[in-house]
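Below, each chain spelled out in residue letters.
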Amino acid sequence: MLISPKEMFGKCYGQYAIAAINVFHMEQVLAVFSAASKAKSPVIIQTTPVARNYAGHGMLLAMITAASEKYPEVVYAIHLDHGFEEHIDDALSRGGYTSVMIDASHDDFQINIERTRAIVSKAHAKGVVVEAELGILSGVEDDMEVGAEHARFTQPDEAVTFVEATGCDSLAIAVGTSHGAYKFSGKQGIQFPILKEIQSRMPGFPLVLHGGSSVSQEEVLRVNAAGGQMKEGSRGVSDEEITEAIKYGICKINVATDLRVLWARVHREYFRDQPELFDSVPPGQIYMRELEAFCLEKFEKLGSAGRAQEYL
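Quick notes on the rules
- Residues numbered from 1 in each chain as written.
- Predicted model: local features only at pLDDT ≥ 70, side-chain atom pairs only at ≥ 80, totals over all residues.
- Heavy atoms only, no water.
- Salt bridge = Lys/Arg side-chain N within 4 Å of Asp/Glu carboxyl O.
- Helix = DSSP H or I, 4+ residues; strand = E, 2+ residues; numbered from the N terminus.
- Buried < 20%, exposed > 50% of the residue type's maximum accessible area, 1.4 Å probe, protein only.
- Expected span 1.5 Å × (residues − 1).
- Contact = heavy atoms within 4.5 Å.
- UniProt positions renumbered as here; feature names shortened; annotations may be inferred.
- Axes fitted to C-alpha atoms, helices over the stretch in contact; angles between N-to-C directions.
- Left-handed = near helix turned anticlockwise from the far one by under 90°.
- Nonpolar A, V, L, I, M, F, W, Y, C, P; charged D, E, K, R; others polar.
- Pairing = 2+ DSSP bridges.
- pLDDT = per-residue confidence, 0-100.

By the naming in an unreviewed UniProt entry, the protein chain goes by Fructose-bisphosphate aldolase and is assigned to Leadbetterella byssophila.

Shown next, in the form of structure tokens:
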């Protein structure tokens with residue numbers, strides 16, 4: 001059942017969070033839907049401009065629709081992640097999305113407000129909700145890389161002004177997480193004083209955590225043991241941090257990197273151990289099983305497992 005993230009956030013606020021999972025191809029779409037069906041968990045299916053360029057708008061939505069027909073009991077939303085005007089306008093004109101994100105966080109504050117407000121006006125006219133972003137995360141997101149020196153935490157007073165000025169429906173905030181596989185080292189982590197202050201100034205307003213992958217070091221080590229060269233030693237967002245963040249208004253957790261690391265590990269190990277093989281189907285089947293298991297565990301940790309019945 002396709003619903004709006006706004007409905008999800010209204011029910012989950014302060015209790016559990018919704019996994020927002022970026023998909024690029026069929027194996028990911030099927031695995032996520034299968035896991036959501038088994039866990040009876042609501043889920044947000046996300047596509048990025050890079051994914052849309054790679055597979056095509058129509059192909060992505062067709063795969064998602066086909067999966068929803070295979071698993072009709074799954075409660076889900078379709079979200080355009082890290083969009084800019086060209087992709088957002090196309091998504092709004094073609095239909096199919098229940099929410100879009102305008103990422104103008106790299107612009108000056110006032111320009112971010114103006115760009116976001118313009119998208120809110122267009123999207124709301126079509127019944128589509130809008131996620132915006134304030135503050136800058138470091139790391140790599142698809143084809144964009146931001147160095148740590150350019151990262152900037154979201155300022156609580158600016159967050160209030162921004163939401164009031166734009167009319168956005170949810171806000172992605174920068175509180176210490178980062179995009180990509182290389183996130184925290186040492187004692188770094190989510191900056192809870194900032195998160196708590198934002199939540200106290202905007203009680204009940206849905207907040208979004210980008211860069212929410214855990215980046216299992218076991219997976220990284222296995223990738224490298226099978227010929228990879230991923231950097232070791234950094235960590236992703238811990239389960240304890242996620243659980244604590246939910247208390248302070250984090251309703252949506254973006255997950256992308258974990259799916260990529262898992263894909264790399266499965267395929268590297270498969271062809272390392274069976275170098276004479278070249279068929280894409282067997283490793284694809286393994287990947288779907290392992291991604292399903294990953295999603296089942298993620299839904300449990302976010303507290304969303306068993307919650308789909310609230311929407312039916």
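Structure shown, so let's carry the discussion forward.
Caption draft 1: Spotlight on the pattern of salt bridges. Summed over all chains, the structure comprises 18 salt bridges. A salt bridge links Arg-94 to Asp-90, with the shortest nitrogen-to-oxygen separation between them at 2.8 Å. Taken together, the residues span about one helical turn, with Arg-94 and Asp-90 both in helix H5 (residues 85–94) at a distance of four residues. Residue Arg-94 is classed as exposed on the basis of its relative accessible area, which comes to 54%.

Caption draft 2: Representation of helix H11 (residues 257–273) within the structure. Counted at 1.5 Å a residue, the expected span for H11 with its 17 residues is 24 Å, and the 24 Å between its end C-alpha atoms agrees. Residues of H11 that are buried include every one of Thr-257, Asp-258, Leu-259, Val-261, Leu-262, Ala-264, Arg-265, Val-266, His-267, Glu-269 and Tyr-270, and no others. On its buried face, H11 sits against strand S1 (18–22), helix H2 (26–39), helix H9 (217–225), strand S10 (250–255) and helix H12 (281–302).

Caption draft 3: Expanded view of the UniProt feature "binding site: dihydroxyacetone phosphate" (unreviewed entry) in the protein chain. Summarizing the sequence annotation, UniProt attributes the feature "binding site: dihydroxyacetone phosphate" (unreviewed entry) to Gly-180, Gly-211, Gly-212, Ser-213, Asn-254, Val-255, Ala-256 and Thr-257 in the numbering used throughout. With respect to the element layout, Gly-211 can be found in the loop between strand S9 (207–209) and H9. What makes Gly-211 buried here is its relative accessible area of 7%. Ignoring any residue separated from it by four or fewer positions in sequence, one finds Val-255 in contact with Ala-20, Ile-21, Asn-22, Ser-213, Phe-294 and Lys-298.

Caption draft 4: Examining the packing of H11 against H12 more closely. Close contact between H11 and H12 brings their axes to 10 Å; oriented N to C, the two are set at 145°. Judged by the twist between their axes, the crossing of H11 over H12 is right-handed. Across from Asp-258, Leu-259, Leu-262, Trp-263, Arg-265, Val-266, His-267, Tyr-270 and Phe-271 in H11, the residues of H12 making contact are Pro-282, Pro-283, Gly-284, Ile-286, Tyr-287, Glu-290, Leu-291, Phe-294 and Lys-298. For the contact of H11 with H12, a count of residues per class yields 12 nonpolar, two polar and four charged.

Caption draft 5: Up close: the side chain of His-87. The topology assignment puts His-87 in helix H5. Under the relative-accessibility criterion, His-87 is labelled buried at 8%.

Caption draft 6: The arrangement of the sheet that holds strand S8 (residues 170–173) in detail. Reading around the circumference, S1-S2-S3-S4-S5-S8-S9-S10 is the order of the eight strands in this closed barrel, with parallel pairing throughout. Neighbour to neighbour, the strand axes of the sheet diverge by 25° on average, direction disregarded. With five bridges joining them, strand S2 (residues 43–47) and strand S3 (residues 76–83) adopt parallel strand pairing. Of the residues in S3, the one forming a bridge with Ile-44 is Ala-77.

Caption draft 7: Seen up close, the confidence of the model for the protein chain. In this model, the protein chain carries a mean pLDDT of 90, and residues with pLDDT of at least 70 account for 91%. This stretch, residues 138–150, has a pLDDT under 50; its non-local contacts, to residues over four places away or in other chains, come to 30 contacts. In the predicted structure, residues 179–187 sits below a pLDDT of 50 and forms 37 contacts with residues beyond four places in sequence or in another chain.

Caption draft 8: Quick look at the pairing of strand S5 (residues 129–134). Counting buried residues along S5, six of its six residues qualify, which places the element largely inside the surrounding structure. Side-chain alternation along S5 places Val-129, Glu-131 and Glu-133 on one buried face and Val-130, Ala-132 and Leu-134 on a second face that is also buried. Direction of pairing for strand S4 (residues 99–102) relative to S5: parallel, over a ladder of four bridges. Each residue of the ladder has a partner; that of Ser-99, found in S5, is Val-129.

Caption draft 9: Local environment of unusual backbone geometry. Even without being glycine, His-82 reaches a positive phi, approximately 50°. Of the residues examined, His-82 reaches a relative accessible area of 12% and is grouped as buried. If you check the backbone angles, Val-215 has positive phi at about 50° while not being a glycine. Positionally, Val-215 belongs in the loop between S9 and H9. Residue classification places Val-215 among the buried positions, given a relative accessible area of 3%.

Caption draft 10: Spatial organisation of the pairing of S10. Burial within S10 is extensive, with six of its six residues counted as buried. Sheet analysis places S1 next to S10, joined by four bridges and oriented parallel. Residue pairing in the sheet places Ile-18 in a bridge with Lys-252 of S10. Relative to S10, S9 runs parallel, the two sharing three bridges. Of the residues in S10, the one forming a bridge with Val-208 is Lys-252.

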